[in-house]
Amino acid sequence: MNTLDKLERLRSIASEVSKCTKCKLHATRTQTVFGEGNPDAEVMFVGEGPGKQEDLTGRPFVGKAGELLTRIIEKGMGVPRESVFIANVTKCRPTVDLKFEKDRPPDEEETIACSPFLLRQIEIISPKVIITLGNPSTRFILRTQEGITKLRGKWGDFHGIPVMPTYHPSYVIRNGGDNSPLKRDVWEDIKLVLEKLGWKRA
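Every value quoted in this text rests on a predicted model; they were computed, and no experiment measured them. (Residues numbered from 1 in each chain as written. Predicted model: local features only at pLDDT ≥ 70, side-chain atom pairs only at ≥ 80, totals over all residues. Heavy atoms only, no water.)

(A) Fine view of the layout of surface pockets. In this model, the largest pocket occupies a volume close to 710 Å³. Taken together, 28 residues line the largest pocket, and the ones lying closest to its centre are E48, D103, H168, S170 and R174. Those elements that provide at least two residues to the lining of the largest pocket are α2 (52-57), α3 (64-76), α5 (135-142), α6 (148-151) and α7 (169-174). Ranked by residues supplied to the lining of the largest pocket, first place goes to α7 with four residues. Class assignment for the residues of the lining of the largest pocket results in ten nonpolar, ten polar and eight charged. (1 Å grid on protein atoms, 1.4 Å probe; cavity = no way out; pocket = protein on both sides within 12 Å on 5 of 7 lines; lining within 4 Å. Points joined across faces, edges and corners; volume = space filled by probe spheres on them. Helix = DSSP H or I, 4+ residues; strand = E, 2+ residues; numbered from the N terminus. Nonpolar A, V, L, I, M, F, W, Y, C, P; charged D, E, K, R; others polar.)

Below, the structure is given as structure tokens:
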């Protein structure tokens, strides 16, 4: 599939997502957050769901966690953020009691309703590596109930695509941010990805 075909198919899914009412989250969203990046990306990051800034902008990972993820991609991996693809399991912001105040992980019903969009994104982009960020996306992609602490840094597999689970940037921020030992763990995981891809750090 060439790049134009991929873009067209992704735009078509994004249009479906923007009108989606398959789960309760549609009732409280400002807008959907489809995902963004290079349709030919070799690396795809998958998080759990949009937060406040993402819901307002319609873009994934643009708040504090997004800033950290961008630094990981650009300074750590040595590539522009636009060269990877970033998406979430759910395309609407999950909040506690749907009050739109405090974020929470997507529940099973929301994941079941929304995840087919993500699966179609993965199929079209066909990345060489998927990096899952945190528990919800790791459990969904790897079909496991194991926690991220056990799974991070160990390769998994999604229909032949190598999967590297690592901590969600927001978890790193909550646990010390730039000074957190978790940040070093994430970097170790990213180094394994670079090795797998044969990328040299810029």
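And the narrative resumes.
(B) Structural view of the environment of G76. Relative to the helices and strands, G76 is located in helix α3. G76 sits in the buried class, given a relative accessible area of 11%. Along the sequence, G76 and K191 sit 115 residues apart, while their C-alpha atoms lie 8.5 Å from each other. (Buried < 20%, exposed > 50% of the residue type's maximum accessible area, 1.4 Å probe, protein only.)

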